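Here is how the chains run, residue by residue.
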Amino acid sequence: MRMLRIALTSLKARQVSLLGAFLALALGVAMTAVMLLGLASAVGAPGGEDLVSLVAALGTAGGVSAFVSAFVVASTYSYAVAQRRRELGLLRLAGATRAQVRRVVLAEALLLGAAASATGCVLGRLGAPALLRWLSGVGMARPGFALVPAAWPLPTAFATGLLVALAGVAVAARRAGRVGPLDALRAADLDSGVLTAGRLLTGLGLLLTAAVLAGAALAGDPADLLHRKTYTTQPMWLISAAGLLSPLLAPPLVRLLGRALPGRFTGYAGRLVPANASAALRRTGAVAAPVLVSVALTGSLAGALDTVAAARAAEASARTAADLVVVPAPGSGDGPLLAALRAVPGVTALSPTAPTVLGLVEPDGVTVRSEARATDPAGLAALARLPLLAGSTAGLDDRSLVLPAEWGHRTVGEPVPVVRADGSRTTLRVAAVLRDGVGDNGLYVTAANAPGARVDRVEVRLGPAARVADVRAAALPYGAGVLTRAEWLAAGTPARTAWLRMALVLGLALVYTGIALANTLLMATADRRRELALLRLAGATRAQVVRLVTAESVLVTAVGAVLGCVVAAVQLGSLRAALAVLHAPAPLVLPWRPVAAVTAGALLVAAACAAPAAAWALRSRPVTAAAR
């Protein structure tokens with residue numbers, strides 16, 4: 001009880017300085033609660049398969065939100081405890097044991113965490129309807145998509161916030177309790193022993209884990225690295241490792257970037273800025289953490305999205321010899337249209353295909369449903385340039401199918417039990433096996449095994465004497481559209497849907513990290529009153545001190561951005577390696593625009609918050625502030 005009373009008294013006395021940690025946790029819990037409430041509503045809403053994509057997107061967004069909030073909150077809370085080393089040292093001098101100091105710090109974290117988590121749950125419940133309205137407005141959810149009552153989202157968000165708060169201070173509390181009283185007082189203003197053996201080993205272990213996961217995927221299933229869930233979660237290992245190893249990585253980056261300071265900082269200020277950032281590694285890590293996670297996730301997700309989309313487009317372009325693609329009008333019959341196209345002078349080949357669903361029966365009896373294409377064997381052989389591992393597309397008939405190697409049937413002639421779209425069952429033999437790729441290799445069957453399928457595209461190859469205008473004229477009476485191959489490939493790229501999903505996953509997280517960066521800068525600068533007062537007493541003007549603090553904040557923010565870019569580069573490198581293993585086109589797609597936008601926003605926030613915070617910290621007379 002005595003330690004609890006001390007914890008309550010300490011919280012009351014340090015309300016302003018602890019406000020930053022409170023806000024970081026409350027907003028993090030609110031973000032997680034919003035995503036969990038949206039996920040629960042999507043799971044509980046009627047609709048079945050049409051909500052599968054939304055559930056997956058919300059689940060991914062919830063995971064990213066929880067990770068970002070945990071990463072930022074742990075860094076902020078750890079720094080908040082490090083700011084109190086002088087106070088904790090006085091407790092030790094007053095007779096408190098190491099265990100009692102740890103209990104005080106953990107009790108404060110429990111009380112503050114409970115209050116912040118409860119506040120975050122309230123904010124999340126108030127903000128969730130806005131998310132659902134946005135999902136309906138952009139077409140990711142049905143009109144009228146609303147909250148569905150569920151008991152688990154808010155308690156889960158509350159418990160997550162509490163655990164993150166306790167985890168964020170646990171290591172710092174143990175470190176504070178371990179230091180002797182006199183050592184704590186002497187080192188109160190110095191960041192010594194930041195990179196402990198445990199922190200170093202944990203960071204290296206996370207790096208090794210990321211390398212092992214990527215290597216195992218490249219050796220076993222390279223296509224898995226191209227899945228949205230994988231390239232969303234994989235960077236988290238690297239981000240966590242970079243955060244833990246920041247005391248090792250930050251000093252050389254600070255020195256390197258410090259050389260790029262403007263000319264006005266070439267004197268003593270030019271030496272003080274990088275020196276301060278290198279000496280106060282806990283403050284540097286706390287400020288860089290939100291920037292690191294935001295830049296790394298933005299670069300990884302935007303780069304992966306563009307890389308995979310470009311690879312799929314290049315792959316699709318290489319797999320067809322068609323010059324034009326005719327898209328029939330919905331509900332129209334394809335027989336007259338095909339006859340009209342065949343009658344166009346100079347048309348040398350047609351390949352009509354239709355979408356269908358085919359279920360492959362696994363050896364254990366489980367049926368796995370997949371998208372397939374019903375095609376004309378002659379047209380497929382004439383126009384398709386499929387990556388064959390075995391067999392030939394010319395062998396496709398009503399008693400066979402063409403399938404990718406990922407299904408495990410790699411022997412030509414092997415029987416495969418299937419379930420057609422109408423539920424009827426049959427056994428087809430393997431006519432050809434396709435190499436796995438990044439696009440829609442899919443399954444190919446004839447129209448006899450695709451009951452109810454309607455042709456949705458006709459690939460057309462033109463001879464030297466053919467004219468596109470003649471093809472358009474032939475298709476016009478049937479309401480069909482005629483696209484060039486480039487136009488069809490561009491129309492088939494789901495850019496809007498993919499970017500909307502990324503906006504869902506990253507949107508709130510980026511807003512949160514921006515607020516967390518501002519919050520950490522204000523908290524860190526407010527705690528430097530004595531240090532800034534000493535600079536004033538040494539002869540620096542108020543404007544010089546403000547410029548110095550602003551330059552240091554911008555420098556540390558740039559360090560976080562560089563670390564985030566390194567993480568994104570490593571992640572995108574693993575994607576390129578996966579594309580190379582799959583023998584798929586691997587275009588170099590660098591997400592300069594989103595990364596530059598996030599970095600510029602972070603630098604702007606750093607400058608806009610550090611300058612007024614430094615001016616506020618200098619409001620007292622230097623002699624008075626230095627004596628505190």
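The structure we're discussing is the one just above.
Colleague: Please explain the overall build of the protein chain as it appears in this structure.
Modeller: Within the protein chain, the secondary structure is distributed over 21 helices and ten strands. Looking at the protein chain as a whole, 50% of its 628 residues are labelled buried. Counting only contacts in the protein chain whose residues sit at least 6 apart along the sequence, the fraction spanning at least 24 positions is 83%. Working note: accessible area of the protein chain is about 27,500 Å², and carbon and sulfur atoms make up 64% of it.

Colleague: Sorry if this is basic, but what is going on with helix α12 (residues 281-318) here?
Modeller: Residue pairs three or four apart in sequence face the same way in an α-helix, which turns once every 3.6 residues. When the terminal C-alpha atoms of α12 are compared, their 51 Å separation across 38 residues agrees well with the 56 Å that a helix rising 1.5 Å per residue should span. The largest bend in α12 comes to about 35°, at Ala288, with the proline Pro290 one to four residues further on. Of all 38 residues in α12, 29 are buried, a share of seventy percent or more.

Colleague: Would you mind showing me how to read the nonpolar core here?
Modeller: Most often, soluble globular proteins keep nonpolar side chains buried together rather than apart. If you look at the biggest cluster of nonpolar residues, it comprises 117 residues, and the most contacted ones within it are Leu58, Val68, Leu135, Ile239 and Leu504. Ignoring sequence-local partners within four residues, the contact set of Leu58 consists of Met35, Gly38, Leu39, Ala42, Leu131, Leu135 and Leu504. In terms of nonpolar packing, the next biggest core, distinct from the first, is built from 36 residues, Leu350, Leu358, Ala372 and Ala475 among them.

Colleague: In this structure, what is going on with the environment of Leu324? I would like to understand it.
Modeller: For Leu324, the position within the fold is in strand β1 (residues 324-327). When the C-alpha positions of Leu324 and Leu462 are compared, they lie 7.9 Å apart, and in sequence the two are 138 residues distant. Apart from the residues within four sequence positions on either side, Leu324 is in contact with Val458, Glu459, Val460, Leu462, Val468, Val471, Val482, Leu483 and Thr484.

Colleague: I'm lost on the packing of aromatic side chains in this one. Help?
Modeller: Under the definition given, this model contains one aromatic pair. The aromatic ring of Trp616 is capped on one face by Arg619, whose charged end is 4.0 Å from the ring centroid.

Colleague: Explain the pairing of strand β3 (residues 367-375) to me, please; I cannot follow it from the model alone.
Modeller: Successive side chains on a regular strand alternate, one facing one side of the sheet and the next facing the other. In this sheet, β3 lies alongside strand β2 (residues 347-361) in antiparallel orientation, the contact comprising nine bridges. Across the sheet, the residue bridging to Gly359 is Arg369, located in β3. Between β2 and the antiparallel strand that follows it, β3, lie five residues; Gly365 among them carries a positive phi value of about 95°.

Colleague: Sorry if this is basic, but what is going on with the pattern of salt bridges here?
Modeller: Between side chains of opposite charge, a pair can form as their charged atoms come close. Under the counting rule described, the total for this entry stands at eight salt bridges. A salt bridge links Glu315 to Arg319; its shortest N-O distance comes to 2.8 Å. Each member of the pair, Glu315 together with Arg319, is buried. Ionic pairing is found between Glu531 and Arg528, a salt bridge with its closest N-O pair at 2.7 Å. Judged by its relative accessible area of 27%, Glu531 falls in the partly exposed class. The exposure class assigned to Arg528 is buried, which follows from its relative accessible area of 5%.

Colleague: What is the right way to look at the packing of α12 against helix α20 (residues 592-617) in this model?
Modeller: Angle between the axes and distance between the axes are the two parameters that describe a pair of packed helices. Packing of α12 against α20 brings their axes to within 9 Å, and their N-to-C directions diverge by 165°. As judged from the angle between their axes, α12 and α20 are roughly antiparallel. The handedness of the crossing between α12 and α20 comes out as right-handed. Contacts between α12 and α20 involve Val291, Ser294, Val295, Thr298, Gly299 and Ala302 from the former and Pro594, Val595, Val598, Thr599 and Ala602 from the latter. Of the residues belonging to the contact of α12 with α20, the class tally is seven nonpolar, four polar and no charged.

Colleague: What am I meant to see in the side chain of Ser41 here?
Modeller: Note that Ser41 resides in helix α2 (residues 15-44). For Ser41, a relative accessible area of 0% corresponds to the buried category. At 2.9 Å, the side chain of Ser41 and the backbone oxygen of Leu37 are in polar contact. In this view, Ser41 contacts Leu132, Phe145, Ala146, Leu147 and Val148; residues no more than four positions away in its chain are not counted.

Colleague: What is the right way to look at the packing of helix α19 (residues 542-581) against α20 in this model?
Modeller: In the contact formed by α19 and α20, the axes pass within 8 Å of each other and the chain directions differ by 155°. By the angle between their directions, the pair α19 and α20 is classed as roughly antiparallel. You can see that α19 and α20 cross each other, and the crossing is right-handed. Contacts between α19 and α20 involve Arg542, Val546, Val549, Thr550, Ser553, Val554, Thr557, Ala558, Ala561 and Cys565 from the former and Val595, Thr599, Ala602, Leu603, Ala606, Ala607, Ala610, Ala611, Ala614 and Ala615 from the latter.

Colleague: Explain a nonpolar patch on the surface here, please?
Modeller: A cluster of nonpolar side chains, contributed by Val122, Leu123 and Leu126, occupies part of the molecular surface with about 290 Å² of accessible area. Residue placement: Val122 occurs in helix α5 (residues 98-137).

Colleague: Help me out: how do you make sense of the environment of Val308 in this one?
Modeller: In this fold, Val308 is placed in helix α12. In this structure the C-alpha to C-alpha distance between Val308 and Leu579, which are 271 residues apart in sequence, comes to 8.8 Å. In this structure Val308 touches Leu226 and Tyr231, once residues within four positions along its chain are discounted.

Colleague: I would appreciate a short explanation of the environment of Asp456 in the present structure.
Modeller: Within the element layout of this structure, Asp456 appears in the loop between β8 (443-445) and β9 (457-462). The sequence separation of Asp456 and Pro355 amounts to 101 residues, and the corresponding C-alpha distance is 7.2 Å. Those residues in contact with Asp456 that sit more than four places away from it in its chain are Val326, Val327, Pro328, Thr353, Ala354, Pro355 and Arg373. Side chain to side chain, Asp456 and Arg373 meet in a polar contact 2.6 Å long.

Conventions used here
- Residues numbered from 1 in each chain as written.
- Predicted model: local features only at pLDDT ≥ 70, side-chain atom pairs only at ≥ 80, totals over all residues.
- Heavy atoms only, no water.
- Helix = DSSP H or I, 4+ residues; strand = E, 2+ residues; numbered from the N terminus.
- Buried < 20%, exposed > 50% of the residue type's maximum accessible area, 1.4 Å probe, protein only.
- Contact = heavy atoms within 4.5 Å.
- Areas by Shrake-Rupley, 256 points an atom, 1.4 Å probe, with all protein chains shown as cover.
- Expected span 1.5 Å × (residues − 1).
- Bend = angle between axes of the 7 residues up to and from the residue.
- Core = buried A, V, L, I, M, F, W, Y, C linked by side-chain atoms within 4.5 Å.
- Phe/Tyr/Trp six-rings, centres within 6.5 Å; stacked < 30°, edge-to-face > 60°.
- Lys NZ or Arg CZ within 6 Å of the ring centre and 35° of its normal.
- Pairing = 2+ DSSP bridges.
- Salt bridge = Lys/Arg side-chain N within 4 Å of Asp/Glu carboxyl O.
- Axes fitted to C-alpha atoms, helices over the stretch in contact; angles between N-to-C directions.
- Parallel < 35°, antiparallel > 145°, perpendicular 65-115°, else oblique.
- Left-handed = near helix turned anticlockwise from the far one by under 90°.
- Nonpolar A, V, L, I, M, F, W, Y, C, P; charged D, E, K, R; others polar.
- Polar contact = N/O pair within 3.5 Å; in protein donor to acceptor, adjacent residues only side chain to side chain.
- Patch = residues over 30% accessible without salt bridge, like charges linked within 9 Å, V, L, I, M, F, W, Y side chains within 5 Å.

Keep in mind these values describe shape, not function.
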